[in-house]
Amino acid sequence: MSVDSSHSSNVRHVSSEKLVNNILVEFDQMSAIQRINFKLEYFREIALDSNNKKNPKSNNKTPPPPENNNDKPSTTTKRRTGSVPCGKRTEFGYAKDFHEQYSIGKLLGHGQFGYTYVAIHKSNGDRVAVKRLDKSKV
Ligand SMILES: Nc1ncnc2c1ncn2[C@@H]1O[C@H](COP(=O)(O)OP(=O)(O)OP(=O)(O)O)[C@@H](O)[C@H]1O
């Protein structure tokens, strides 16, 4: 499955869109088990991040960062497993111009976080499933 983030009204920069497109092309090539692991890891990241935002000083299970190490920002939510570092810009080598390459077709269905459409590659006719995410929900 692929994901198209451009539906969101608060797209901040092109690199972010590129990252999402690249991640989703990778996702398209994963096996069912890999997709499940990807989703689990993704939602774990969101839960961790949202917990840290809500309770920055709370007594959660994440150990506090070492004090006064150096001037670098804290990395308490460091990724532990998985191959796609959510929130970081990663170059997968795929083109970012999704809408140049694909046209969006009919709606296939929807989940909690967005709607899934058929997308057709404009030059070779390949059909893929594209998930359009509302960024306010992730
Ligand atoms: N490759 C596909 N081919 C046909 N239909 C698909 C495809 N992928 C998804 N769909 C349809 O889109 C619906 C939503 O898919 P999606 O993967 O977003 O579900 P989900 O994982 O439950 O969503 P969420 O994670 O947002 O809760 C599916 O129930 C299915 O009907």
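Residues numbered from 1 in each chain as written. Predicted model: local features only at pLDDT ≥ 70, side-chain atom pairs only at ≥ 80, totals over all residues. Heavy atoms only, no water.

1. Points about the UniProt feature "binding site: ATP" (unreviewed entry) in the protein
UniProt records the feature "binding site: ATP" (unreviewed entry) for K131 in the present numbering. With respect to the helices and strands, K131 occurs in strand β4 (residues 127–133). (UniProt positions renumbered as here; feature names shortened; annotations may be inferred. Helix = DSSP H or I, 4+ residues; strand = E, 2+ residues; numbered from the N terminus.)

2. Concerning the confidence of the model for the protein
When pLDDT is averaged across the protein, the result is 72; 54% of the residues are at 70 or more. Counting contacts from residues 8–12, a segment whose pLDDT is below 50, to residues more than four positions away or on other chains yields seven contacts. (pLDDT = per-residue confidence, 0-100. Contact = heavy atoms within 4.5 Å.)

3. Focus on the UniProt feature "domain: Protein kinase" (unreviewed entry) in the protein
If you check UniProt for "domain: Protein kinase" (unreviewed entry), the listed places come out as residues 102–138 in our numbering. The span residues 102–138 is 0% helical and 65% strand by assignment, and the distance between its end C-alpha atoms comes to 24 Å.

4. Observations concerning the pairing of strand β3 (residues 114–121)
Counting buried positions along β3 yields six of eight residues, so the element is predominantly enclosed. With six bridges connecting them, strand β2 (residues 102–110) and β3 associate as antiparallel partners. Within β3, the residue paired with H110 across the bridge is Y115. Direction of pairing for β3 relative to β4: antiparallel, over a ladder of seven bridges. Along β4, the bridge assignment pairs I120 with R127. Connecting β3 to the next strand, β4, in antiparallel fashion are five residues, including G125 with a positive phi near 80°. (Buried < 20%, exposed > 50% of the residue type's maximum accessible area, 1.4 Å probe, protein only. Pairing = 2+ DSSP bridges.)

5. Remarks on the packing of aromatic side chains
Two descriptors summarise a pair of aromatic rings, namely the distance from one centre to the other and the angle between the planes of the rings. Evaluation of the coordinates by the stated rule reveals one aromatic pair. Relative to Y102, the ring of F98 lies with its centre 5.1 Å away and its plane at 15°, an arrangement referred to as stacked. Both residues of the pair, F98 and Y102, count as buried. One residue, R132, lies across the ring of Y117, its end atom 5.4 Å from the ring centre. (Phe/Tyr/Trp six-rings, centres within 6.5 Å; stacked < 30°, edge-to-face > 60°. Lys NZ or Arg CZ within 6 Å of the ring centre and 35° of its normal.)

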